[in-house]
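Chain by chain, the residues run as shown.
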Amino acid sequence: MATDAYGSDSERSTDEPIYIDGASHLDDVVDEHDVVLADFYADWCGPCKMIEPVLERLAAETDAVIAKIDVDQNQQLAGAYGVRGVPTLAFFAGGEQVEQHTGVLPADRLRTMIEGYANE
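The structure presented is a predicted model; accordingly, all values stated were derived computationally and were not measured. (Residues numbered from 1 in each chain as written. Predicted model: local features only at pLDDT ≥ 70, side-chain atom pairs only at ≥ 80, totals over all residues. Heavy atoms only, no water.)

**Student:** How should the nonpolar core be read in this particular structure?
**Tutor:** One broad rule of soluble globular proteins: the nonpolar side chains tend to lie buried together. Ranked by internal contacts, the top residues of the largest apolar core, which has 21 residues, are Ile-20, Leu-26, Val-36, Ala-38, Phe-40 and Ile-69. Put simply, the parts of the chain that give this core at least two residues each are helix H1 (23-32), strand S2 (35-41), strand S3 (65-70), helix H3 (75-80) and strand S4 (88-93). Here the element with the most residues in this core is S2; it accounts for four residues. In contact with Phe-40, not counting residues within four places along its chain, are Ile-69, Val-71, Leu-77, Ala-78, Tyr-81, Val-83, Val-86, Pro-87, Thr-88 and Ala-90. Leu-58, Leu-89, Ala-93 and Leu-110 belong to the second-largest nonpolar core, a separate cluster that totals 17 residues. (Core = buried A, V, L, I, M, F, W, Y, C linked by side-chain atoms within 4.5 Å. Buried < 20%, exposed > 50% of the residue type's maximum accessible area, 1.4 Å probe, protein only. Helix = DSSP H or I, 4+ residues; strand = E, 2+ residues; numbered from the N terminus. Contact = heavy atoms within 4.5 Å.)

Following this line, the structure appears as structure tokens:
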């Protein structure tokens, strides 16, 4: 019987962002949850640090799972999603990518987008 190195995300609290460790981990998270907001970020990125508390709040207050992807540690994954700048936010609903935005978006807009996908 195979075991996951990072465990099942359904066993984890989704009230906190999930740090993604590779493409298969992101695929698993997207498959297991209805709405996923993937944040492609870098530790050296000022705007990424500005949006971090917003994403942490959204993880705690909404049904969406916030997936954090460090572009420096996951360069191939970032490339596969066409990430050209950070932060890049990719929305997944029902297992499919539905939107992608580069740059910081206001908290109320992110919440509205999450709620819209959660109610579909």
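**Student:** Please explain the environment of Pro-53 as it appears in this structure.
**Tutor:** Here Pro-53 is to be found in helix H2 (residues 46-61). Sequence separation between Pro-53 and Ala-107 is 54 residues, and the spatial gap between their C-alpha atoms is 9.9 Å.

**Student:** Would you explain the sheet that holds strand S1 (residues 18-19) in this entry?
**Tutor:** Across a sheet, paired strands are connected by hydrogen bonds in the backbone, their directions being either parallel or antiparallel. An order of S1-S3-S2-S4-S5 is seen for the five strands of this open sheet, with the pairing classed as mixed. Of all strands in the sheet, those with a lone pairing partner are S1 and strand S5 (96-102), marking the two edges. For S2 and S3, the ladder comprises six bridges, and the chain directions are parallel. Paired with Ala-38 across the bridge in S3 is Ala-67. Set on the sheet, helix H4 (residues 107-118) makes contact with S2, S4 and S5; between it and S4 the angle comes to about 20°. (Pairing = 2+ DSSP bridges. Axes fitted to C-alpha atoms, helices over the stretch in contact; angles between N-to-C directions.)

**Student:** What is the right way to look at the pattern of salt bridges in this model?
**Tutor:** Pairing is possible between side chains of opposite charge, provided their charged atoms come close. As enumerated under the stated definition, the model contains two salt bridges in all. For the salt bridge of Asp-39 with Lys-68, the shortest nitrogen-to-oxygen distance reads 2.7 Å. Of this pair, Asp-39 sits in strand S2 while Lys-68 sits in strand S3, and the two are 29 residues apart along the sequence. The two residues Asp-39 and Lys-68 agree in class, both being buried. Glu-61 serves as the salt-bridge partner of Arg-111, at 2.6 Å between the closest nitrogen and oxygen. Taken together, the positions of Arg-111 in helix H4 and Glu-61 in helix H2 put the pair 50 residues apart, joining distant regions of the chain. (Salt bridge = Lys/Arg side-chain N within 4 Å of Asp/Glu carboxyl O.)

**Student:** Sorry if this is basic, but what is going on with the state of the cysteines here?
**Tutor:** Such a bond, covalent and formed between the sulfur atoms of two cysteines, is termed a disulfide. Counted by the stated rule, this structure contains one disulfide. Across the disulfide from Cys-45 sits Cys-48; the S-S distance is 2.4 Å. One disulfide, between Cys-45 and Cys-48, carries an S-S torsion of 80° and so falls in the right-handed class. Neither Cys-45 nor Cys-48 differs from the other in exposure class; each is buried. (Disulfide = S-S within 2.5 Å.)

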